[in-house]
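Observations on chain architecture
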Amino acid sequence: MRTELVSEPGDAARPNEDFASIGLPASGQGGSLVLLDGVTPPRDGTGCRHPVPWFTARLGGALAELTVSLQDVPLAELLSRAVSRTAGAHAETCDLSHPRTPQATVVLARWSPETVEYLVLSDSALLVESPDGTVTALLDDRLSRLPRSALATDALVDSTVRNREGGFFTAAADPSVAVRAVTGTLPRAGVRALAALTDGATRWVERFGEGDWADCLALVRKEGPQELVDRVRALERADADRALLGRGKTHDDATVVYVEF
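Everything in this summary refers to the structure shown in the same document. (Residues numbered from 1 in each chain as written. Predicted model: local features only at pLDDT ≥ 70, side-chain atom pairs only at ≥ 80, totals over all residues. Heavy atoms only, no water.)

1. Considering the overall build of the protein
Condition: Only DSSP runs of H or I with at least four residues qualify as helices, and only runs of E with at least two residues qualify as strands; both kinds are numbered from the N terminus onward. Each radius of gyration reported is based on C-alpha atoms, and the globular scaling rule is 2.2 Å times the count of residues to the power 0.38. The buried label goes to any residue with under 20% of its type's maximum accessible area, the exposed label to any with over 50%, and the partly exposed label to all in between, with areas taken from a 1.4 Å probe on protein chains only. Pairs of residues are marked as contacts when any of their non-hydrogen atoms sit within 4.5 Å. Only the protein chains shown count as cover for residues, and the accessible areas themselves come from Shrake-Rupley with a 1.4 Å probe. Just so you know, the count uses Lys and Arg for positive and Asp and Glu for negative, and it drops His and the chain ends. Where a charge lies is defined by one atom per residue type: Lys uses NZ, Arg uses CZ, Asp uses CG and Glu uses CD.
In terms of helices and strands, the protein carries six helices and 10 strands. In terms of overall dimensions, the protein is globule-like: its C-alpha atoms have a radius of gyration of 18 Å, near the 18 Å expected for 261 residues. Along the longest, intermediate and shortest principal axes, the C-alpha atoms of the protein span 50 × 45 × 35 Å. Put simply, the protein has 261 residues, and 50% of those count as buried. Look at the contacts in the protein between residues 6 or more apart in sequence, and 69% of them connect residues 24 or more apart. If you sum the accessible surface of the protein, you get close to 11600 Å²; carbon and sulfur atoms cover 50% of it. Both charge centroids of the protein, one from 27 positive and one from 37 negative side chains, sit 3 Å from each other.

Right under this line is the structure:
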């Protein structure tokens, strides 16, 4: 098995808000990956005394433990438990009802000799390559399907579509969000490789149009996750007038996890 993980902050002066891990049980019978993209907070606060990296470390750490130790529990239930555990760690000191309480996108994958389970919540991506080379992108596309008018300002997003029916969902303080995730199970024999990417890395496909998902996974497999991140950074620097990035950050935290069976 080949595993690679790269995570690079968008701004060297700011902490990386992503989290990623790969778990390989000592039994050698399976493993898991966890990928979180912390949501950058607004300038006017989140109602929480803790920064986003604190939240992603807590939630990601819980998920890394649970996906390996509780292999018979569905991923959605594990996400619910991890959100509850993380919320309990700061419920007494923070306003967890604030719409911008620390939160993150989630990608989980767990494999055994028989199956590969997956969970995707919000706009990170999980790419699955089959033995014949076909690549399938497992996505939660609710955010991308919203009209641009619904995303005009942070205040509008927070009051109308963030963690609301008809909008999009992230893992924050409400464990019931787990039922909103895109989940499924694939036969292990039908999966040759997995690549999980935060939206700072998916820009290569989704913003800059340098290739499709199959091209993206082929690049990661042949030249490694760091090459994908390096190419995204070069494209970002070349987009000086932000024509392709629009309202997005010039550079975003970019994380890629690659597993080849």
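2. Here's the deal with the layout of surface pockets
Condition: Think of a 1 Å grid over the protein atoms and nothing else: a 1.4 Å probe that fits but is trapped marks a cavity, an open set flanked by protein within 12 Å on at least five of seven lines marks a pocket, and residues with an atom within 4 Å of a point count as lining. Grid points are joined across faces, edges and corners, and a volume is the space filled by probe spheres set on the points. Amino acids are sorted into nonpolar (Ala, Val, Leu, Ile, Met, Phe, Trp, Tyr, Cys and Pro), charged (Asp, Glu, Lys and Arg) and polar (every other residue, Gly among them).
Roughly 1500 Å³ of internal volume is contained in the largest pocket. If you list the elements that add at least two residues to the lining of the largest pocket, you get β3 (31–38), α3 (154–160) and α4 (199–206). With four residues, α4 is the single largest residue contributor to the lining of the largest pocket. In terms of residue class, the lining of the largest pocket is made up of 15 nonpolar, 11 polar and 15 charged. Each pocket or cavity is described by its volume, and for the second largest pocket that value is around 320 Å³.

3. Looking at the side chain of S130
Within the secondary structure layout, S130 lies in the loop between β6 (125–129) and β7 (135–139). Taking the relative accessible area as the measure of exposure, S130 reaches 15% and is therefore buried. Not counting residues within four places of it along the chain, the set of residues in contact with S130 comprises G190 and R192.

4. Some details on helix α1 (residues 52–69)
As a reminder of what qualifies: In a helix, the anticipated span is given by 1.5 Å times the number of residues less one.
Between the first and last C-alpha of α1 there are 26 Å, a value that for 18 residues agrees with the 26 Å anticipated at 1.5 Å per step. Buried positions along α1 lie against β2 (18–23), β3, α2 (75–88) and β4 (104–111).

5. Thoughts on the packing of helix α5 (residues 213–223) against helix α6 (residues 225–238)
Using the following cut-off: Axes, fitted as lines to C-alpha atoms, cover a helix only where it is in contact. Angles between the N-to-C directions of the axes lie from 0 to 180 degrees. The scheme is simple: roughly parallel for angles under 35 degrees, roughly antiparallel for over 145, roughly perpendicular for 65 to 115, oblique for anything else.
Where α5 contacts α6, the two axes come as close as 6 Å, and the packing angle between them is 125°. By the angle class used here, α5 and α6 are oblique. The segment α5 lies against α6, with C216, L219, V220 and E223 engaging P225, E227, L228 and R231.

6. What about the pattern of salt bridges?
Rules: Criterion for a salt bridge: a side-chain nitrogen of Lys or Arg within 4 Å of a carboxyl oxygen of Asp or Glu.
With the rule as written, the count across this model stands at 20 salt bridges. Between D158 and R162 there is a salt bridge, and its shortest N-O distance comes to 2.8 Å. Note on D158: relative accessible area 13%, which makes it buried. A residue is classified by how much of its surface remains accessible, and R162, at 9% relative accessible area, is buried.

7. Some remarks on the sheet that holds strand β1 (residues 2–8)
Quick reminder of the rule: Only when DSSP finds a minimum of two bridges between them are two strands counted as paired.
The strand order β1-β10-β9-β6-β7 describes an open sheet built from five strands, whose pairing is antiparallel. In the strand order of this sheet, the two ends are held by β1 and β7, each with one partner. Direction aside, neighbouring strands of the sheet carry axes that sit 10° apart on average. Where strand β9 (residues 193–197) meets strand β10 (residues 254–260), five bridges bridge the pair, whose relative direction is antiparallel. Looking across to β10, one finds that L197 is bridged to V256. Against the sheet, α4 engages β6, β9 and β10, with an angle of about 80° to β10. On top of the sheet, α6 reaches β1, β9 and β10; it is set at about 30° to β1, its chief contact.

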